[in-house]
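One-letter residues, chain by chain:
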2 protein chains.
Amino acid sequence: MKTAAVIMAGGKGERFWPQSRADRPKQFLSLTRDGETMIQKTVNRLSSLVDKDDIYIVTNARYLPLVREQLPDIPDENVIAEPASRNTAPCIGLAAEIIRKRCGEDTAMLVLPSDHLIRFNAMFVDTLRRAVKVAEHEENLVTIGITPTYPETGYGYINISTGETAYSGAYKVIRFYEKPDIERAKQYVSSGEYLWNSGMFVWKVSSILAKLKRYLPDMFGGLERIADTYGTDSYIQTLEEVFPNLEAVSIDIGIMERADDIYTIPGNFGWDDVGSWLSLERFNPTNEYGNMVKGDIISIDTHNSIIVGGNKLVATVGVEDLIIVDSDDAILICAKDSAQDVKHVIENLKTCNRFELV
Amino acid sequence: MKTAAVIMAGGKGERFWPQSRADRPKQFLSLTRDGETMIQKTVNRLSSLVDKDDIYIVTNARYLPLVREQLPDIPDENVIAEPASRNTAPCIGLAAEIIRKRCGEDTAMLVLPSDHLIRFNAMFVDTLRRAVKVAEHEENLVTIGITPTYPETGYGYINISTGETAYSGAYKVIRFYEKPDIERAKQYVSSGEYLWNSGMFVWKVSSILAKLKRYLPDMFGGLERIADTYGTDSYIQTLEEVFPNLEAVSIDIGIMERADDIYTIPGNFGWDDVGSWLSLERFNPTNEYGNMVKGDIISIDTHNSIIVGGNKLVATVGVEDLIIVDSDDAILICAKDSAQDVKHVIENLKTCNRFELV
């Protein structure tokens, strides 16, 4: 079955301030030491699975220059610019309509976030191949669940039925759960019946469009109106008129929590959602003092710190458990256990109308 | 008695890295929030005591552009460029010879470091006036001692005889002591017979030249050779030939520890030698969280830290007891109790031949 990939790259995100900004969110940052940006990695890890011509990037219109710059091999016509951010259901629906127009509705569609990291690529590709096999049947919607390794409270969970299904290695989804508190997270993990919701989906174009028609008929109608003009001069105008008025709902809530034929394939490929600067030490090597350093750094008696340099030398002396990030116009020095409070810096900047730094 | 001031501005100093550099030492930095540099403050605090035309700056030739830029009101001919650094005795001797040539040997000469801070200027000026009164007599050499407030091990001490002298408020000096260990420092402070050696001196030009002739006759001979050409075309050539070969000895060791007629006037004018970044919180106001901030700073849950911004925003979150200093090409993040280890950063830079950062 022909396979296309849709990479969702419209996210904003403030958690990588000061490197991430409203005009350069996380997916366009290089957070690993190899210099590749998150979205470049996302595209590159599909190389054995999907042709570059069959990779679609859905992003906000403001990020088009960044996409062109970072992904010159992706054809221009595969870059879908949302005129407004309307959450994942309209984003995925628009991509499905366009792929139907271009490749037909009998195409397998991989939906992938643009800002996650995967450690074991071969296993990732294998998982997606198996997901495609399940998605080929009926109107099955397949989600990739991540086997949890600890009771994370920052992720959504998928409750699965561990009984056998018609599809080897795939489990029937009972319910999706939003981020739990720590007690529930512990129960989920110890039960063995919950997986992390990675936000990666696989289905046929025909399947997801059928679900949209059934569960989100107004949205589907709007998407059809846009699709009818695809390839004509009035496409952009129709897109700009219709898309911003579509219901802003996530694919999880709009479809996945309502539909019956949802399956999960558990993934064990070293997934990381790279939620904050703290995650950098999970997937970048640390030195003998426990420091994750990137850039021009001199560290004296420095331990367990994350240090990301910019254009100048960063020298640390006698410190530990810090996150230090330099950027062109701002430096962050943050205690690791205060990482979530960086948002207060951004609030402060907004309050003071310093939007150039946000 | 006519009074001239000699400001010694040849010091190098690495303790204010990354703002201080080999080509911009501490005296040319602004370390207070008013924007004035240390040497500008030194000149300005003399305004009620000495004419600008009678203020001499002795500095290394490499710092001439900085002196001209920061002290445009000091006449060019008052800026004495040492072709090499030979410690304080040759520096002071050269200045004394030049002042003798220009004003006569019956001039009171104030010798002042360029990189100290003084909190109470009126008391400082009053102390110098009283020192001039003592220096007018005989060949008296007067040093300004600072009443110690704690057992500092980083300063030299002056042991005084607390008995009355011919000069009201002046004490006879028994001996100079180098930096003591903490036990001796405690004894010094509790005895009431020791003052900190501030490196500020007052004497007549004739007195110091007489002492140089007696205790450092070779140096005196060299200085006379230079002075003989002062105002002629061969001055620079003679200076460059003779000065670098003068004995590199401090005025303390070369003269003060040998001469008999040494007096001290105790100073209580809020003196601070500004020895490291740590001293910034002594003379700059701290905010309600104990932070000394300078520049564009956003501090969230930050306590007892010294934060000196450069050209970009510095944001701190959840940290305490740090020294953070930004400069054009390097950032320092240092625990307060590791301030003395910043020298290891500089050593590292030298080892790696990165002299542009030293």
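The model shown is predicted, which means the values in this text are computed figures rather than measured ones.

How each quantity is defined
- Residues numbered from 1 in each chain as written.
- Chains lettered and ligands numbered in written order.
- Predicted model: local features only at pLDDT ≥ 70, side-chain atom pairs only at ≥ 80, totals over all residues.
- Heavy atoms only, no water.
- Helix = DSSP H or I, 4+ residues; strand = E, 2+ residues; numbered from the N terminus.
- Rg over C-alpha atoms; globule rule 2.2 N^0.38 Å.
- Buried < 20%, exposed > 50% of the residue type's maximum accessible area, 1.4 Å probe, protein only.
- Contact = heavy atoms within 4.5 Å.
- Areas by Shrake-Rupley, 256 points an atom, 1.4 Å probe, with all protein chains shown as cover.
- Lys, Arg positive; Asp, Glu negative; His and termini not counted.
- Charge placed at Lys NZ, Arg CZ, Asp CG, Glu CD.
- Patch = residues over 30% accessible without salt bridge, like charges linked within 9 Å, V, L, I, M, F, W, Y side chains within 5 Å.
- Salt bridge = Lys/Arg side-chain N within 4 Å of Asp/Glu carboxyl O.
- Buried area = accessible area lost by both parts, 1.4 Å probe.
- Pairing = 2+ DSSP bridges.
- Axes fitted to C-alpha atoms, helices over the stretch in contact; angles between N-to-C directions.
- Least-squares fit on C-alpha atoms with pLDDT ≥ 70 in both.
- pLDDT = per-residue confidence, 0-100.
- Core = buried A, V, L, I, M, F, W, Y, C linked by side-chain atoms within 4.5 Å.
- Parallel < 35°, antiparallel > 145°, perpendicular 65-115°, else oblique.
- Left-handed = near helix turned anticlockwise from the far one by under 90°.
- Phe/Tyr/Trp six-rings, centres within 6.5 Å; stacked < 30°, edge-to-face > 60°.

## Quick word on the overall build of chain A
Argument step 1. Broken down by element type, chain A carries 11 helices and 17 strands.
Argument step 2. Its C-alpha atoms give chain A a radius of gyration of 21 Å, near enough to 21 Å, the size a compact globule of 358 residues would have.
Argument step 3. With the principal axes as the frame, chain A shows a C-alpha extent of 60 × 50 × 40 Å.
Argument step 4. Relative to its full complement of 358 residues, chain A shows a buried share of 57%.
Argument step 5. The long-range share in chain A, meaning contacts at least 24 apart out of those at least 6 apart in sequence, stands at 69%.
Argument step 6. By element, 45% of the accessible surface of chain A is carried by carbon and sulfur atoms, the whole surface being about 14700 Å².
Argument step 7. Positive and negative side-chain charges of chain A, numbering 38 and 52 respectively, have mean locations separated by a distance of 1 Å.

## Overview of a negative patch on the surface
All names here are of chain A.
Argument step 1. A cluster of acidic residues, D301, E320, D321 and D337, forms a negative patch at the surface.
Argument step 2. Relative to the helices and strands, D321 resides in the loop between β15 (313-317) and β16 (322-326).
Argument step 3. Among the residues examined, D321 registers a relative accessible area of 35% and is labelled partly exposed.

## Considering the environment of B:C103
Residues and elements named next belong to chain B.
Argument step 1. On the secondary structure map, C103 appears in helix α3 (residues 88-103).
Argument step 2. The partly exposed category is assigned to C103, whose relative accessible area is 23%.
Argument step 3. Aside from chain neighbours lying at most four places away, what touches C103 is K2, D54 and Y56.

## Quick word on the interface of chain B and chain A
Argument step 1. Across the contact, 34 residues belong to chain B and 34 residues belong to chain A.
Argument step 2. Summing both partners gives a buried area of about 2500 Å² for chain B against chain A, and 67% of it is carried by carbon and sulfur.
Argument step 3. Taken together, chain B and chain A are joined by four salt bridges.
Argument step 4. With a shortest N-O distance of 2.5 Å, A:D296 and B:R354 are connected by a salt bridge.

## Re the sheet that holds strand β13 (residues 297-300) of chain A
Argument step 1. The strand order across the open sheet built from six strands is β13(A)-β15(A)-β17(B)-β16(B)-β14(B)-β12(B), with neighbouring strands paired in mixed fashion. The open sheet has two edge strands, β13 of chain A together with β12 (292-294) of chain B, and neither has a second partner. With direction set aside, neighbouring strand axes in the sheet form an average angle of 5°.
Argument step 2. Sheet topology places β15(A) next to strand β17 (residues 330-335) of chain B; five bridges connect them, and they run parallel.

## Observations regarding helix α6 (residues 205-215) of chain B
Argument step 1. Turning to α6(B), its buried residues are B:V205, B:S207, B:I208, B:L209, B:K211 and B:L212.
Argument step 2. Looking at the buried positions of α6(B), the neighbouring elements they touch are α3, β4 (108-113), β6 (141-146), β9 (194-204), α7 (217-229) and α9 (251-256) of chain B.

## Digging into the relation of the copies chain B and chain A
Argument step 1. Screw-axis analysis of chain B against chain A gives a translation of 0.0 Å along the axis, an RMSD of 0.0 Å, and a rotation angle of 180°. When the rotation and shift are considered jointly, the pair of chain copies conforms to a two-fold rotation axis. Scanning chain B for the C-alpha nearest the rotation axis identifies B:I333, at a separation of 4.1 Å.
Argument step 2. Of all interface residues in chain B, 100% are interface residues in chain A too; the two copies therefore contact each other through one and the same surface.

## Examining the confidence of the model for chain A
Argument step 1. Of all residues in chain A, 100% attain a pLDDT of 70 or more, and the chain-wide mean is 95.
Argument step 2. Model confidence for the complex is summarised by a pTM of 0.86, with the ipTM given as 0.85.

## A look at the pattern of salt bridges
Residues and elements named next belong to chain A.
Argument step 1. Considering all chains together, one arrives at 34 salt bridges over all chains under this definition.
Argument step 2. For R21, the salt bridge is made with D329, and the minimal N-O distance between the two is 2.7 Å. Linking R21 in the loop between β1 (3-8) and α1 (38-44) with D329 in the loop between β16 and β17 (330-335), this pair joins segments that are 308 residues apart in sequence.
Argument step 3. A relative accessible area of 8% means that R21 is categorised as buried.
Argument step 4. Notably, a salt bridge pairs R130 with D126, separated by 3.4 Å at the nearest N-O pair. Taken as a pair, R130 and D126 lie in helix α4 (residues 121-135) at a separation of four residues, close to a single helical turn.
Argument step 5. Judged by relative accessible area, D126 falls into the partly exposed class, the value being 38%.
Argument step 6. Members of the salt-bridge network, linked through shared partners, are E139, K211, R214 and D261.

## Regarding the nonpolar core
Argument step 1. Membership of the largest hydrophobic core comes to 47 residues, with the highest contact counts inside it found for B:L46, B:I55, B:I57, B:L110, B:F124, B:L128 and B:M200.
Argument step 2. The dominant element in this core, judged by the number of residues it contributes, is helix α4 (residues 121-135) of chain B, at seven residues.
Argument step 3. If we ignore the near neighbours within four places in the chain, the residues touching B:L128 are B:L46, B:L49, B:L110, B:L112, B:I144 and B:V202.
Argument step 4. A:L46, A:L49, A:L71 and A:Y155 belong to the second largest nonpolar core, which has 46 residues in total.

## Here's the deal with the packing of α3(B) against α7(B)
Residue and element names in this part refer to chain B.
Argument step 1. Axis separation between α3 and α7 bottoms out at 10 Å; the angle between their running directions is 40°. Overall, the two elements α3 and α7 adopt an arrangement that is oblique. The handedness of the crossing between α3 and α7 is right-handed. Across the interface between the two elements, A89, P90, G93, L94, E97, R100 and K101 of α3 pack against M219, F220, L223, E224, I226, A227 and D228 of α7.

## A word on the packing of aromatic side chains
Residue and element names in this part refer to chain A.
Argument step 1. This structure, assessed with the given rule, holds 28 aromatic pairs over all chains.
Argument step 2. An angle of 50° between the planes, with centres 6.2 Å apart, marks the rings of W196 and W271 as tilted. Linking W196 in strand β9 (residues 194-204) with W271 in strand β11 (residues 271-272), this pair joins segments that are 75 residues apart in sequence.
Argument step 3. Look at W196 and you get buried, because its relative accessible area is 4%.
Argument step 4. By relative accessible area, which is 9% here, W271 ends up buried.

## Quick look at the side chain of B:N284
Argument step 1. Turning to its location among the elements, B:N284 is positioned in the loop between α10 (280-283) and β12.
Argument step 2. Discounting residues that sit within four places of it in the chain, B:N284 has contacts with B:L31, B:T32, B:R33 and B:M292.

## Section: the sheet that holds strand β13 (residues 297-300) of chain B
Argument step 1. Across the sheet, six strands lie side by side as β12(A)-β14(A)-β16(A)-β17(A)-β15(B)-β13(B); this open sheet has mixed pairing. Pairing within the sheet leaves two strands with one partner each, and these edge strands are β12 (292-294) of chain A together with β13 of chain B. Each adjacent strand pair in this sheet contributes to an overall mean axis angle of 5°, direction not counted.
Argument step 2. Across the sheet, helix α11 (residues 342-351) of chain A is in contact with β17 of chain A together with β13 and β15 (313-317) of chain B; its angle to β13(B) comes to roughly 135°.

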